[in-house]
Amino acid sequence: MNILLLGSGGREHALACKITQSPLCTKLYTAPGNAGTQMCGENVDMVINDFLSIAAFIKSHQIKMVVVGPEEPLVKGITDYLNENIDTREVLVIGPGRAGSQLEGSKEFAKGFMARHNIPTAAYKSFEAGSFHEGVEFLKTLNAPYVLKADGLAAGKGVYIVNTFDEAVEGLDHMLNKKAFGNASNKVIIEEFMHGIEVSVFVATDGKDWILLPEAKDYKRIGEGDTGPNTGGMGAVSPVPFANELFMEKVKTRIIQPTIEGLNKESIDYKGFIFIGIMSIEGEPFVVEYNARLGDPETEAIIPRIKSDLVEMLQAIATGTLKNYTIETDPNYAVTIVLVSGGYPGKYVNGYEMTGITHIEDSKLYYAGACHSDNKLVTKGGRVIAITSLDPSLSKAREISLKNAQIVSFQNKNYRKDIGLDLQNE
Ligand code: AMP
Ligand code: GLY
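Residues numbered from 1 in each chain as written. Chains lettered and ligands numbered in written order. Predicted model: local features only at pLDDT ≥ 70, side-chain atom pairs only at ≥ 80, totals over all residues. Heavy atoms only, no water.

**Student:** Before we go on, may I ask you to explain the site of ligand 1 in this structure?
**Tutor:** Within the structure, ligand 1 sits among 14 residues, and Glu191, Glu192, Met194, Glu198 and Glu289 are positioned closest to it. Here Glu191 contributes a side-chain N or O atom positioned 2.7 Å from a nitrogen atom of ligand 1. Against a free-state accessible area of 470 Å², the protein chains account for coverage of 88% of ligand 1. Among the elements of the structure, strand S7 (146-150), strand S8 (159-162) and strand S17 (284-291) are those that each provide at least two residues to the shell around ligand 1. Its residues placed into classes, the shell around ligand 1 shows seven nonpolar, no polar and seven charged. (Near = heavy atom within 4 Å. Polar contact = N/O pair within 3.5 Å; in protein donor to acceptor, adjacent residues only side chain to side chain. Areas by Shrake-Rupley, 256 points an atom, 1.4 Å probe, with all protein chains shown as cover. Helix = DSSP H or I, 4+ residues; strand = E, 2+ residues; numbered from the N terminus. Nonpolar A, V, L, I, M, F, W, Y, C, P; charged D, E, K, R; others polar.)

Encoded structure:
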């Protein structure tokens, strides 16, 4: 079948590699794609939120499956749009509809959903414009650090974690009164800070049955030792040693199963991935957040660990037959290091030539902000390329990725040298 993949990050390049390995894939198109997806099929110059053009492309190119990488088109309702459009209603869409995407698109919805279905998460209260003073009173009842979240999508920037009461009040004023994130901060969630370690858990579901994909740890801060501002993700490791069998059993019974049952009770048809950010507090799991898609760069660490056919899994998700699908995983450690443009997550310069790629043999390379220009490979984004290495030993996998992070070269390159270091001695 012909498949259309939406997105342009390292996650999409990893998905594209795996999709094209399947005998079920005839041709892969990626919109808009990057230098990596271009090697796996054909890039299409199309905006991922332009549903009209996407529907026309599906029709003209006999697309049978659409895989939605990022959250924005999901939250904007691409799945409902394609399912309701007479020309595209037969196409298999991987990704929830508008209702299910609210798990990511509205933090207030997600927190309410967890409360309704007794899913463990941080205590919270939600505040709307006009209730700034009530918000300040609530902050007085909490201890530092304070966690404030814009309700809607804010490109990963909508969470403030601050250490003093004054900063929290200022943050609330910024979001609620000064509309720092536009409509996304019309409502603000204030929640209890959870002290623990985080793991990203990935679930594939057809709405009734679900399977667990490999879990991963993401490294969000720009600086080594988890310092400096948040980024999209500077690296990932899979599997995560502390997410052992006992812990994952708690995750399944207390979080995943009630989530799927909750979706059913609320008549939300969910066909796609659920990415659950989980905090382990002394071995007990609590939900930090839900996402309606796979993570980036976690996907670059988990996809190489999936041995079974991905398109078969995607087909099972969309057709409600996941019960019959068995996932086979590789027990090796995957360590992913992301090379970024100097300055990221702030301002950075694009267009630097990348070299050294052809010398890499023992890692998988997933392009993110990279494109071809005048027959050269050049940088075009904050996160440029993800380097994933697999090995039975976590430290060896780290070593290979670090070695290759030195070989791939471009001006102002930056990366974290401590990805996985904290997990090495567990
Ligand atoms: P979110 O977008 O909700 O995942 O928040 C971004 C990041 O902020 C998370 O990955 C956590 O590292 C951190 N975070 C969010 N909520 C909390 C919380 N209640 N306690 C501690 N850390 C949090
Ligand atoms: N790595 C975090 C995310 O994809 O949101």
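On we go from here.
**Student:** Would you take a moment to explain unusual backbone geometry for this structure?
**Tutor:** With glycine set apart, most residues show a phi of negative sign, and most peptide bonds adopt trans. With an omega of -10°, the peptide bond between Ala31 and Pro32 qualifies as cis. As for its placement among the helices and strands, Pro32 is situated in strand S2 (residues 27-32). For the bond running from Ser238 to Pro239, omega is -5°, close enough to zero to count as cis. Within the secondary structure, Pro239 is located in the loop between strand S15 (235-238) and helix H10 (245-265). With a phi close to 45°, Gln62 is a non-glycine residue in the positive phi region. Considering the arrangement of structural elements, one finds Gln62 in the loop between helix H3 (51-60) and strand S4 (63-68).

**Student:** Sorry, what's going on with the side chain of Ser308 here?
**Tutor:** For Ser308, the location among the structural elements is in the loop between helix H11 (298-302) and helix H12 (310-319). Using a relative accessible area of 10% as the deciding quantity, one classes Ser308 as buried. Looking at Ser308, its side chain comes within polar contact range of the side chain of Tyr325, at 3.4 Å. Those residues within four positions of Ser308 in sequence are excluded, and the remaining contacts are Lys18, Tyr325, Thr326, Ile327 and Glu328. (Buried < 20%, exposed > 50% of the residue type's maximum accessible area, 1.4 Å probe, protein only. Contact = heavy atoms within 4.5 Å.)

**Student:** Can you walk me through the pairing of strand S22 (residues 383-391) in this structure?
**Tutor:** Each regular strand displays side chains that alternate between the two surfaces of the sheet. Along S22, seven of the nine residues are buried, which leaves the element largely enclosed by surrounding structure. Pairing of strand S19 (residues 364-367) with S22 involves four bridges; the strand directions are antiparallel. Bridge pairing links Lys364 to Thr388 in S22. (Pairing = 2+ DSSP bridges.)

**Student:** Looking at this structure, how should I read H10?
**Tutor:** An α-helical turn contains 3.6 residues, so any two residues separated by three or four positions project in the same direction. For H10, spanning 21 residues, the distance from its first C-alpha to its last is 28 Å, which sits close to the expected 30 Å at 1.5 Å a residue. A bend of about 40° at Lys252 is the largest found in H10. Buried positions along H10 lie against helix H6 (98-105), helix H7 (107-116), strand S10 (197-205), strand S11 (210-212), strand S16 (272-281) and S17. After H10 finishes, the residue Ser267 shows a positive phi value of roughly 55°. (Expected span 1.5 Å × (residues − 1). Bend = angle between axes of the 7 residues up to and from the residue.)

**Student:** Would you take a moment to explain the site of ligand 2 for this structure?
**Tutor:** The environment of ligand 2 is made up of Asp218, Gly232, Phe275, Arg293, Gly295, Asp296, Pro297 and Glu298. One of the side-chain nitrogen or oxygen atoms of Glu298 is found 2.8 Å away from a nitrogen atom of ligand 2. About the coverage of ligand 2: the protein hides 87% of its 200 Å² of free accessible area. Broken down by class, the residue content of the shell around ligand 2 amounts to two nonpolar, two polar and four charged.

**Student:** Any chance you could explain the environment of Lys323 here in plain terms?
**Tutor:** Mapped onto the elements of the fold, Lys323 is located in the loop between H12 and strand S18 (333-341). Given the relative accessible area of 63%, Lys323 is considered exposed. Excluding residues that lie within four positions of it along the chain, Lys323 makes contacts with Asp206 and Asp209.

**Student:** Quick question: what am I supposed to make of helix H1 (residues 10-20) here?
**Tutor:** Of all the 11 residues making up H1, nine are buried; the element is thus mostly covered by neighbouring parts of the structure. Those residues of H1 that sit buried are Gly10, Arg11, Glu12, His13, Ala14, Leu15, Ala16, Lys18 and Ile19.

**Student:** Looking at this model, I keep getting lost on the packing of H1 against H12. Mind explaining?
**Tutor:** Helix packing for two helices is described by the angle between their axes and how far apart those axes are. As a packed pair, H1 and H12 sit with axes 7 Å apart at the nearest point and diverge in direction by 100°. With respect to each other, H1 and H12 are oriented roughly perpendicular. Across the interface between the two elements, Leu15, Lys18 and Ile19 from H1 touch Leu310, Val311 and Leu314 from H12. Partitioned by chemical class, the residues of the contact of H1 with H12 number five nonpolar, no polar and one charged. (Axes fitted to C-alpha atoms, helices over the stretch in contact; angles between N-to-C directions. Parallel < 35°, antiparallel > 145°, perpendicular 65-115°, else oblique.)

**Student:** Is there a simple way to explain the pairing of S4 in this structure?
**Tutor:** Among the six residues of S4, five are classified as buried, and the element is accordingly described as predominantly covered. Pairing between strand S1 (residues 2-7) and S4: five bridges, direction parallel. What sits directly across from Leu6, in S4, is Val68. Across three bridges, S4 lies against strand S5 (residues 92-94) in parallel orientation. Note that in S5 the partner of Val66 across the bridge is Val93.

**Student:** Help me understand the sheet that holds S16 in this model?
**Tutor:** Within a sheet, neighbouring strands are paired by backbone hydrogen bonds and run either parallel or antiparallel to one another. Pairing in this open sheet of four strands is antiparallel, and the strands run S11-S10-S16-S17 from one edge to the other. Two strands bound the open sheet, and with one partner strand each, they are S11 and S17. Averaged over all adjacent pairs, the angle separating strand axes in this sheet is 35°, with direction ignored. As defined by bridge partners, S10 adjoins S11 across three bridges and the pair is classed as antiparallel. Bridge pairing in S11 links Thr205 to Trp210. The sheet contacts of H12 involve S10, S11 and S16, and relative to S16 the element is tilted by about 100°.

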